[in-house]
Amino acid sequence: MRDYNFQEIEKKWQQRWFDEKTYKVVEDESRKKFYVLNMFPYPSGAGLHVGHPLGYIASDIYARYKRQQGYNVLNPMGYDAYGLPAEQHAIKTGQHPEISTFQNIDRYRQQLDKIGFSFDWDREVRTCTPDYYKWTQWAFVKMFNSFFCNKEQKAMPIEILVEHFEKEGTGDWDLACSEPMSFGADEWNSWDDKRKSEVLMNYRLAFLGETMVNWCPQLGTVLANDEVVNGVSERGGYPVEQKRMRQWCLRVSAYSQRLLDGLDTIDWSESIKETQRNWIGRSEGAEVQIRVEGSDVVFTIFTTRADTMFGVTFFVLAPESELVDVVTTADKRAEVDEYLRYVKSRTERERMIDHTVTGVFSGAYGINPITGESCPIYISEYVLAGYGTGAIMAVPAHDSRDYAFAKHFNLPIIPLVEGADVSSESYDAKEGTVMNSPVSPERCVAYDGESLCLNGLSVKEAIAETKRFVAAHNLGRVKVNYRLRDAIFSRQRYWGEPFPVYYKDGVPTMIPEHCLPVELPEVERFLPTESGEPPLGNAQVWAWDEVEERIVDKALIDEERVFPLELCTMPGFAGSSAYYLRYMDPKDDEALVSDTAASYWQSVDLYVGGSEHATGHLIYSRFWNKFLFDLGVSKCEEPFRKLVNQGMIQGWSSFVFRLRGKDTYVSYDLLEVKYDDAAKKNRFFYEGSEADPVYTDISTVGGGKVLDVEMFRQWMPEFRNAEMVLNAEGQYIVYQAIEKMSKSKYNVVNPDDICERYGADTLRLYEMFLGPIEQAKPWDVAGIDGCHRFLKKLWQLYWDKEGNLAVTDSEPSAESMRSLHKLIKKVSEDIESFSYNTSISAFMVAVNELTAQRCRDRVVLEGLVELIAPFAPHIAEELWHAMGHGSSVCDAPWPVFEERYMVESSVKLGVQFNGKVRFAMDFAADASPEDMVALAMAAPEAQKYLEGKQVVKTIAIPKRIVNIVVK
RNA sequence: GCCCAGAUGGUGGAAUCGGUAGACACGAGGGACUUAAAAUCCCUUGGCCAUUGCGGCCGUACGGGUUCGAGUCCCGUUCCGGGCACCA
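Residues numbered from 1 in each chain as written. Chains lettered and ligands numbered in written order. Predicted model: local features only at pLDDT ≥ 70, side-chain atom pairs only at ≥ 80, totals over all residues. Heavy atoms only, no water.

A. Molecular detail of the protein's contact with RNA strand B. As a matter of local geometry, RNA strand B sits amid 49 residues, with Arg401, Gln775, Arg789, Lys826 and Asn963 nearest to it. Near-protein atoms of RNA strand B (within 4 Å) split between backbone and bases, with sugar and phosphate holding 61%. The separation between a sugar or linking oxygen of RNA strand B and a polar side-chain atom of glutamate 274 is 3.0 Å. In this structure, a phosphate oxygen belonging to RNA strand B sits 2.3 Å away from a side-chain N or O atom of arginine 789. For the surface near RNA strand B, the secondary structure elements donating two or more residues are helix H10 (270–280), strand E11 (298–303), helix H23 (784–796), helix H24 (814–832), helix H25 (836–852), strand E35 (906–913), strand E37 (951–957) and strand E38 (961–966). Taken together, the residues that form the surface near RNA strand B break down as 19 nonpolar, 17 polar and 13 charged. (Near = heavy atom within 4 Å. Polar contact = N/O pair within 3.5 Å; in protein donor to acceptor, adjacent residues only side chain to side chain. Helix = DSSP H or I, 4+ residues; strand = E, 2+ residues; numbered from the N terminus. Nonpolar A, V, L, I, M, F, W, Y, C, P; charged D, E, K, R; others polar.)

Here it is, written out as structure tokens:
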């Protein structure tokens, strides 16, 4: 017997793959390409845990499978190296974040190398290196120099817009913008450069905008919408407040429709597409102009329920709306100001949780253009400034929020749908027949002799009719609104891409493309400056010399040629938005990606990563790609054709219980557990005194939740002299809970330890065997022995008792060939559908069958190695070479399934009577339904079901089923 | 509240087209080998009844329906997970 020495085998082949650059890939027009990509990791200080490789293994299997099928497979890896943890580490230790980041990257690389991935490391990218972020800055400059035409639905160079303005002013062009503007050519031509640049800012895809932002005081920076969860920061959980600030933004909203439409063309899970659809939040409606009574002021409201205009009893403005100031009457000023102060005092989180009705009357009235009636204008925080126009018409009968407001302020409620009972709640459904629209003919204004009447129509018809009426008589327009907002692109941080921007007389100006990259300057301190500037304010050499085109000392700033540079840096998603394009051509100095490389690789065929990026990276990346597609750089409208979301692997956290104020720890089974309703958690008591749960490292806990007391005492000094209260069996039982793997929870399982003990191939197999790839599951080491045993059995197929290769060139038996081809079929199908867990089961069955058959035939055993190679590449490589092959098994052809080996002379089928299976019997494989029925009825087992009964019906499907219905 | 995805043994999970439910693995129990342990191998393992007779009944969250036949399709209910949420 030859032992399966996995440590030796894996070390040997990993070295060979490295030395021979087995996984290096080059463009080759003669072969079909396939692009596999993992979401690249942020290299954290905690290193890799067993959850990280899950997706990498799944995609590696697919990549290796495709390569064996003859595809030219691109399977790169890199690092998302900019991030907050490295900066916070730097603030704490004074060490430059680049040092700790690069250390972490080295550690990741070592850990990844032990698992045997087929990455082409020559294509590695790191978002924090200047040769990489040069292209992040470049894309930003391109966005700055672009506008978006709504009619063409694409980005175009800003020069075209300037030319248009010079000739026609705004004209009839429909443009994506921050604020709608209207001016003539004369007006434009009369403006100075500063004014022109301000106006252009309204249209640029990367623009400096004065907007409400999520400001996080604790982090000292603004955050994008997807970085704020439940009103607190995603990282750290700090409160977030709304603040008006001048920030760089990306006009992601311009691409709303394309981002939505693209979802129908890509192979992503329905749930993640739905998440993105929600996030984009398209709603079709109408904008209607409302004139303020007794003045020329006109404001616009947005509604999706145009049909309810006859039920409007008041209007509401968002407290942040500029209109508040305009409409408020003198006598209400004090009240309104007080209300605005109250709104400002509330945090985003308070506003989200607490929905009590608040608001104030502005003193003004708006005229409903349909009824001609005046309704009071209120100000309330339930109307959001950032959506629609920041103003609404309130229809309490058919909107629950308006209803609550109307009840609170005693405003009238007019029902508009037949049979709707609005005595205790609003009727929000868009169903039913419209009435009261109008109540009487005189309560309706005629335009050009036509007045609106909706009575008798269905709600849906009424919506369409009102939209038509409003548009036809210039009372407003049909409008599509999106919830998706522009991305705030500035971060008041150090460890990120610097902006290629300087301020010339306060006008933001791009640094010329040929001067990129603008490298991140050195600073003394990574904290904001004393005057409150972002950390880059600490940099001394941080000013732009326009004549010499280089970065110079700040002290040289003058009015002619040296100007201050932007102090903010770009957010985390900047570097991760186009990295898949850079992998195609990572060393190119002339372009983000060369035209040839982009044309060859097109887009990512398979993208694997976590679903937590659904509203962040996966939206930004699609936006970024669409922009680059408009530029002609990217060759595909969508960057990721197929997306697979791997589930998180959770850890088992273990707790011991410390008596409050003592160094005594009580076994879990001795405690009394009480549920505290107020705190919504369990509390634990021992002999009347309370015990607090304390994390203990999972390595201190053995099977059966028994704590190794000695190990526990040695684990941390604070437990050295711990007194342990044991149960009757003399054991200390811990409490365990499933949580996300995290360093601070001491529940991290490290892949290195598994590789050490069982080998990388076992780890790969086991992670895939754990269950469906998309599903979250706790890491449970218990099952790993099964996968390890399987590899040992596989190994034994190839060696005889003396340890020599046992493979022979004999003619394989029909049953061995059947076992093999059954496996080929199953595994090929499973890989295509990412059902790796079931293909591993199929391998186990096949190996058991071949062992029982004492199969030694080369044809079968080589086929087996070819099939297992993507899953367990090390053992496959070893066996492949042992069987006399010189080249790597990763270039071995993928076996082709042949139906002829599956042919069986007979099939075993269940025979049913009245739909229940009663017995099984053999039928000829080509038996006709009639023969099958006859044979089944003649069988001795059948007699007791036929006895005294009449056959009503027979159903027989060859190779499937025989059913006989009797009565 | 709206949208999406789920619920199968002690556990992870199979059943890909409506056709023998529980593959495969873990755990558990029993046995072989061994001084012993580890390793390895064999048997049993959804529930209940019968187990000196090869068998019977029930069973895929719950209640209905379609069908010769339903884990799978349809209607309703409950529960768990995820997303969105004063978005007009």
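B. The state of the cysteines, seen in detail. Scanning the entire structure with this criterion turns up zero disulfides. Between cysteine 128, a free cysteine, and cysteine 568, which holds the nearest cysteine sulfur, the sulfur-to-sulfur gap is 20 Å. A relative accessible area of 4% means that cysteine 128 is categorised as buried. Free of any disulfide, cysteine 216 has its nearest neighbouring cysteine sulfur in cysteine 568, separated by 15 Å. (Disulfide = S-S within 2.5 Å. Buried < 20%, exposed > 50% of the residue type's maximum accessible area, 1.4 Å probe, protein only.)

C. View of H23. Compared with an ideal rise of 1.5 Å per residue, which puts 13 residues at 18 Å, H23 spans 19 Å between its outermost C-alpha atoms and is within 8% of the ideal. Those residues of H23 that fall on the buried side of the exposure criterion are Ile784, Cys787, His788, Phe790, Leu791, Leu794 and Trp795. The buried side chains of H23 occupy one side of the element, clustering within an arc of 155° when seen end-on. (Expected span 1.5 Å × (residues − 1). Arc of directions from axis to C-beta.)

D. Spatial organisation of the sheet that holds strand E2 (residues 72–74). Strand order in the open sheet formed by four strands is E2-E1-E25-E26, with parallel pairing between adjacent strands. What marks the edges here is a single partner per strand, and that holds for E2 and strand E26 (643–645). Neighbour-to-neighbour, the strand axes of this sheet turn through a mean angle of 15°, independent of strand direction. By the bridge criterion, three bridges tie strand E1 (residues 33–38) to E2 in an arrangement that is parallel. In the sheet register, tyrosine 35 faces E2, and the bridge partner there is leucine 74. In the packing of helix H2 (residues 52–68) onto the sheet, the strands contacted are E1, E2 and strand E25 (606–609), and the crossing angle to E1 comes to about 170°. (Pairing = 2+ DSSP bridges. Axes fitted to C-alpha atoms, helices over the stretch in contact; angles between N-to-C directions. Contact = heavy atoms within 4.5 Å.)

E. Representation of the pattern of salt bridges in the model. For the structure on display, the rule yields 53 salt bridges. When the shortest N-O distance is used, the salt bridge between aspartate 891 and arginine 67 registers 2.9 Å. Remark: arginine 67 occurs in helix H2 and aspartate 891 occurs in the loop between helix H27 (873–882) and E35; sequence separation between them is 824 residues. What makes aspartate 891 partly exposed here is its relative accessible area of 45%. With its nearest N and O atoms 3.1 Å apart, the salt bridge here joins arginine 109 to aspartate 113. Of this pair, arginine 109 and aspartate 113 both sit in helix H4 (residues 97–113), separated by four residues, roughly a single helical turn. Residue aspartate 113 is classed as partly exposed on the basis of its relative accessible area of 32%. (Salt bridge = Lys/Arg side-chain N within 4 Å of Asp/Glu carboxyl O.)

F. Quick peek at the nonpolar core. Among the nonpolar cores identified, the biggest contains 191 residues, and Phe140, Trp248, Leu250, Phe489 and Tyr798 are the most heavily contacted of them. Take this core: its biggest share by element is nine residues, from helix H5 (residues 130–144). Setting aside residues up to four positions removed in sequence, phenylalanine 489 forms contacts with Phe140, Trp248, Cys249, Leu250, Phe499, Thr569, Met570, Pro571, Phe573, Ala574 and Trp624. Counting residues in each nonpolar core, the second largest holds 38 residues, with Ile301, Met393, Val417 and Ala462 among its members. (Core = buried A, V, L, I, M, F, W, Y, C linked by side-chain atoms within 4.5 Å.)

G. Spotlight on the packing of aromatic side chains. Applying the stated criterion across every chain yields a total of 76 aromatic pairs. Ring centres of tyrosine 339 and tyrosine 342 lie 5.9 Å apart, and the angle between their planes is 35°; on these two criteria the pair is classed as tilted. Within this pair, tyrosine 339 and its partner tyrosine 342 are both found in helix H12 (residues 333–345), separated by three residues, close to a single helical turn. Tyrosine 339 gets classed as buried once you look at its relative accessible area, which sits at 8%. Grouped by ring-pair contacts, the aromatic residues Phe34, Tyr62, Tyr65, Tyr71, Phe790, Phe834, Tyr836, Phe843, Phe871 and Trp894 constitute a single cluster. Here arginine 126 stacks its cationic end above the ring of phenylalanine 102, 4.8 Å away from the centre of that ring. The ring of tryptophan 279 is capped by arginine 483, whose NZ or CZ atom sits 4.6 Å from the centre of that ring. (Phe/Tyr/Trp six-rings, centres within 6.5 Å; stacked < 30°, edge-to-face > 60°. Lys NZ or Arg CZ within 6 Å of the ring centre and 35° of its normal.)

H. Up close: the sheet that holds strand E22 (residues 543–545). On the basis of which strands lie adjacent, the open sheet formed by three strands has the order E23-E22-E24 and antiparallel pairing. Sheet topology places strand E23 (550–552) and strand E24 (562–564) at the edges, where each strand pairs with a single neighbour. Here the strands of the sheet are splayed against their neighbours by 40° on average, with no regard to which way each runs. The pairing of E22 with E23 spans three bridges and is classified as antiparallel. Bridge pairing in E23 links tryptophan 544 to isoleucine 551.

I. Geometry of unusual backbone geometry. Cis geometry is adopted by the peptide bond preceding proline 438, which originates at serine 437 and carries an omega value of 0°. With respect to the element layout, proline 438 can be found in the loop between helix H14 (400–409) and strand E16 (446–447). A cis amide bond links leucine 516 to the next residue, proline 517, at an omega of 0°. Its location among the elements puts proline 517 in the loop between strand E21 (507–510) and E22. Of note in this structure, tyrosine 746 is not a glycine but carries a positive phi near 55°. With respect to the helices, strands and loops of the structure, tyrosine 746 is situated in the loop between strand E33 (735–740) and helix H21 (751–758).

J. Looking closely at the packing of H24 against helix H26 (residues 858–868). Contact geometry of H24 with H26 gives a least axis separation of 10 Å together with a crossing angle of 15°. By the criterion of interaxial angle, the relationship of H24 to H26 is roughly parallel. Between H24 and H26 the crossing geometry is left-handed. Contact residues: H24 offers Ser816, Met817, Leu820, Leu823 and Ile824, while H26 offers Val859, Val860, Gly863, Leu864 and Leu867. (Parallel < 35°, antiparallel > 145°, perpendicular 65-115°, else oblique. Left-handed = near helix turned anticlockwise from the far one by under 90°.)

So far we have only geometry, and geometry alone does not tell us how the molecule works.
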